[in-house]
Amino acid sequence: MGEPDCGCGGPRRPGHDVDHGRRSRGKLCRIWRILKGDRGRGSSPCVYVPERISNRPDPCIYSQTELMQLGQPVTWDNPDVAIFRGGVEQYTYGLAPATDYDVVVTVHNASRSKPALGTEIAVEWVEFGAGGQIRHPIGTAFVDVPMWPGTTTATFSWRTPANPGHYCIEVDLAHPDDGNPVNNRGWNNTQVLEAHSQVRSPVRVFNRHPDGCPEPPEQAPPPRFEGPRMLATGLVGLTAGFGGAVFDHEARTMAGEATRGVEGALAIMAGGALLGALVGLVGGLRRGRRNRAEAQMMAIAHPVDERRQVPCDLVEVTVDSYRFVDGKGKDVDPAVMFAPRPPAWPARVEPAVFRFAPGEHHRDVELIVDAPDGPGPPEVFNVSVRQGGAPHGGVSVVVERGG
Amino acid sequence: MAGCETKNREGNYDWSKDRVGVWSIIGAVGVGGLTYLYVADAFGLGALGGPASAVMALAIIVAAIAGAVLAGFVGQAFEWFNRLKEQDPKTITFVGWVACAKRNLGNPTLPEVADGDWTFNIAPTMPGVATATRDWAVEGPPGLSVHEVRTRTASGAEFAGRTTDPGIGPEFDILHTEIGSRIGDYAAVGGAVGSVAGTAVGIAAGVAACAVVTALTLGLGIALCALFIALGALIGALIGGMVGQLVGAGIGAIADALSDFNERGEAITHGCFVRLTGTWVTDRSHQHNEIHDITASQIIECGTAAATAPLETAGAVGIGRHPVGPDP
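Let me sum up the structure you'll find in this document.

**Some remarks on the overall build of chain B**
Helix and strand content of chain B: seven helices and nine strands. Here the contacts in chain B between residues at least 6 apart in sequence split such that 80% fall between residues at least 24 apart. For chain B, the exposed surface amounts to about 11100 Å²; the carbon and sulfur share of it is 67%.

**Let's talk about the nonpolar core**
Counting 28 residues, the largest nonpolar core has Met269(A) and Met56(B) as the members making the most contacts within it. For this core, the elements supplying multiple residues, two or more each, are helix 5 (261-301) of chain A together with helix 2 (51-81) and helix 5 (218-258) of chain B. Counting residues per element, this core draws most heavily on helix 2 of chain B, which supplies twelve residues.

**Section: the packing of aromatic side chains**
One pass over the structure, following the stated rule, counts ten aromatic pairs over all chains. With a centroid separation of 4.6 Å and 75 degrees between ring planes, the pair formed by Tyr93(A) and Phe128(A) is classed as edge-to-face. Of this pair, Tyr93(A) sits in the loop between strand 4 (88-90) and strand 5 (100-109) while Phe128(A) is found in the loop between strand 6 (116-127) and strand 7 (135-145), placing the two residues 35 residues apart along the sequence. Assessed through its relative accessible area of 7%, Phe128(A) is described here as buried. Aromatic rings pair up to connect Trp125(A), Trp158(A) and Tyr167(A) into one cluster. Against the face of Trp80(B) rests Arg83(B), its NZ or CZ located 3.7 Å from the ring centre. Lying over the aromatic face of Trp118(B), Arg103(B) brings its terminal NZ or CZ to 3.9 Å of the ring centre.

**Examining the environment of Arg275(B)**
Along the chain, the position of Arg275(B) falls in strand 8 (residues 272-283). Classification of Arg275(B) by relative accessible area gives buried; the value is 1%. A polar side-chain atom of Arg275(B) sits 3.3 Å from a polar atom in the side chain of Glu66(A). Of the polar contacts made by the side chain of Arg275(B), one reaches the side chain of Glu139(B); its length is 2.5 Å.

**A short note on the state of the cysteines**
On inspection of all chains with the given rule, the structure shows three disulfides over all chains. The side chain of Cys213(A) participates in a disulfide bridge whose partner is Cys312(A); the two sulfur atoms lie 1.8 Å from each other. With the S-S bond torsion at -110 degrees, the cross-link from Cys213(A) to Cys312(A) turns out left-handed. Residue Cys213(A) is found in the loop between strand 12 (199-206) and helix 4 (227-254), and its partner Cys312(A) is found in the loop between helix 5 and strand 13 (314-320); the two are separated by 99 residues along the sequence. Through a disulfide, Cys272(B) is tied to Cys302(B); the S-S separation comes to 2.0 Å. The S-S bond linking Cys272(B) to Cys302(B) shows a torsion near 90 degrees; that makes this disulfide right-handed. Of this pair, Cys272(B) sits in strand 8 while Cys302(B) sits in strand 9 (residues 288-302); the two residues are 30 residues apart in sequence, bridging distant segments of the chain. The thiol sulfur of Cys60(A) is not disulfide-bonded, and the nearest other cysteine sulfur, from Cys302(B), lies at 19 Å.

**Quick word on a nonpolar patch on the surface**
Residues and elements named next belong to chain B. Together, Tyr186, Leu231, Ile235, Leu238, Ile239, Met242, Val243, Val247 and Ile251 make up an exposed nonpolar region whose accessible area comes to about 750 Å². Looking at the nonpolar patch element by element, the count peaks at eight residues for helix 5. The residue Tyr186 is located in helix 4 (residues 183-209) in this model. The class of Tyr186 is partly exposed, set by a relative accessible area of 33%.

**Here's the deal with the pattern of salt bridges**
Evaluation of the coordinates by the stated rule reveals 29 salt bridges over all chains. Across the pair Arg341(A) and Glu379(A) runs a salt bridge whose closest N-O atoms are separated by 3.0 Å. Taken together, the positions of Arg341(A) in the loop between helix 6 (334-337) and strand 14 (347-350) and Glu379(A) in strand 17 (residues 376-387) put the pair 38 residues apart, joining distant regions of the chain. Overall, Arg341(A) belongs to the partly exposed group, its relative accessible area being 29%. Across the salt bridge formed by Asp173(B) and Arg150(B), the nearest N and O atoms sit 3.2 Å from each other. Here Asp173(B), found in strand 6 (residues 173-179), pairs with Arg150(B), found in helix 3 (residues 146-151); they are 23 residues apart in sequence, far enough to count as distant. For Asp173(B), a relative accessible area of 12% gives the class buried. Salt bridges linked by common partners bring Arg135(A), Glu170(A), Asp172(A) and Arg185(A) together as one network.

Conventions we followed
- The residue count restarts for each chain, going from 1 along the sequence in the order it is written.
- As a convention, the first chain written is A and the first ligand written is 1, with the rest following in written order.
- Local features are withheld for residues below a pLDDT of 70 in this predicted model, meaning they are given only at 70 or higher, and side-chain atom pairs are given and counted only at 80 or more; totals for whole chains, interfaces and linings count all residues.
- Note: side-chain values were computed over all heavy atoms of the structure, leaving out hydrogens and water.
- Each helix is a run of DSSP H or I of at least 4 residues and each strand a run of E of at least 2, with the numbering of both proceeding from the N terminus.
- Between two residues, a contact is recorded if the distance between any of their heavy atoms is within 4.5 Å.
- Using a 1.4 Å probe, accessible areas were evaluated by the Shrake-Rupley method; residue-level cover was limited to the displayed protein chains.
- Among buried residues, those of type Ala, Val, Leu, Ile, Met, Phe, Trp, Tyr and Cys that are joined through side-chain atoms within 4.5 Å constitute a nonpolar core.
- Throughout, exposure labels follow a simple rule: accessible area from a 1.4 Å probe, protein chains only, divided by the maximum for the residue type, with under 20% read as buried, over 50% as exposed, and the rest as partly exposed.
- Working definition: rings of Phe, Tyr and Trp (its six-membered ring) pair if their centres are within 6.5 Å, and the pair is stacked with planes under 30 degrees apart, edge-to-face with planes over 60 apart, and tilted otherwise.
- Placement of a charge over a ring requires the Lys NZ or Arg CZ to be within 6 Å of the ring centre, with the centre-to-atom vector within 35 degrees of the ring normal.
- Distance and chemistry together define a polar contact, namely a pair of N or O atoms within 3.5 Å, with one atom able to donate a hydrogen and the other to accept it when in protein, and with adjacent residues in sequence counting only for side-chain atoms on both sides.
- Throughout, disulfides are identified as pairs of cysteine sulfur atoms within 2.5 Å of each other.
- Distance thresholds for patches are 9 Å for like charges and 5 Å for nonpolar side chains (Val, Leu, Ile, Met, Phe, Trp, Tyr), applied to residues having over 30% relative accessible area and no salt bridge.
- By convention in these notes, a salt bridge is any Lys or Arg side-chain nitrogen within 4 Å of a carboxyl oxygen on Asp or Glu.

This is the structure:
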């Protein structure tokens, strides 16, 4: 299942380079084969990537940022982060002030061959909402994470601030030899609400760029460069000029006239070269105009590539009822694990799309859920935010129906 | 399977070659002009007549060509080390299908095509599989799109066009990625150094050959001597440059081997869905963007196991619920 069909005898062979399936007989043999021209032409069924690049540990956590970049639905009730008080799991929104809690973080390692020794875990709290920019440290620890499927948990003691407030937990991992640096940050941001005929809950969205959007890079048009064409036609002109100089010299000699000498000959040849280069330049400019017109036609005729630049002050908010069902290895069907789920009940966010005003620090949007009457099982509503097209945080709101 | 090739939808794929051409033009004009001025000042060209003037003119032309060759090798080295311009952010992580994989081991006298780099063309679809979805994405940093990765021009570069692999299809979109080898760097340096040294040796040989024409009349003898020196410079520049590139490539291959470059590596082949992390650059030589150098690679899955839900599988691997690499 899924093993590369290299035709070279397997995915891992020590000291093996790309070449017609022959095994290396040592470094000197390999060097000799390269120097004498025994090389693979074109592409090969398999290419062995250097071990230092392909065989690295990968400590990771449930990362909403990575999953959103992959276009997958996410939950903000992070399966790898839990808050306990007296052994009872808590939601991040309803934590009491000046109270001791335990934050338990589970770290995975996606590598089957390298343990992630000395992985740093940093845990912080952020003001509840999406994209809070001010972080407050809770604790830091160093752990050794075994190879997949092993995991490691770390517990952090946290006393909440004395001032009442609502919090989001952010976890960051770090490892000096990390094979994937984008799966190291996870958030835990949850809230529980009692269902009424209509549930309304504000969600604060913080502005990532309160001082304004950074200047986008200027994109230059395709430059024109006619060097080789001018060189080629210039050489042709030079050759023609040489022939002309020789002819001129011989003609003058036969006519008994004084020859032009070396300077004259060189002047004729230089003139030929300049004329040839000019012809090449003109031809190249005309061809360049044709190429630019073709490029414009291609850009119109063919599908535009993936998402173009999104204004950095544009905020897009979505809501769904996706549920993450945890599992590992062969128990996991990725297509099922990330199957999207629309809102279980009529739900919307207002406004769903807006642009921050210059200098605006944050804005509250409102999650509105029309819960059904009567008791029943709770439902989760994930509010996910993007700013400038980039994942910007979110919250998972559990709506309970009394019963 | 066809070779791993690249071609631009827009921009000048041969931008560096054009630049080397300009180096050659400058070398030709400079050396030819200096040669002419030296000869005119030393011998009074107006006094030369008959066949001597033609031979002297030919000597000046040959000297100009030698200058073109020498400047070409030097220019090639200069452009080689100035071709990659880093983007901001410098490091990105990208997932997609491996459309093809190869190592650039070909003619070592042309570092551009034989630099020893491991190259992978990453595509949005598995080659040969018709699908409406485009299963490639930029995983990090957040907010970066595939379109921007493929088309934003880095600071200091001129342009970045979208890349295709014509070996697979005339409009098969790809992102080109490479793991750098030392062969190309050492070959470029070797070519420049070898050409300079070869030119010096050739000139010395030409001067020594002048002894055979001392019996001729002063004008023709001088002209032939000049021609010998110019020919020596041309042959020395050309052979010295080629030999220098070969030697440099060999030293680069040795350096790669001594750094255990290939030990216990993972095999990546077309049909694998991979995650690559590396330096995002604009390659000025071909006016397209690529990841060069790849610093970390992960095989998400290969073949049919990945075909049904590649991005979902990448997500499962990314959060540690599925291991890296093909399932046993």
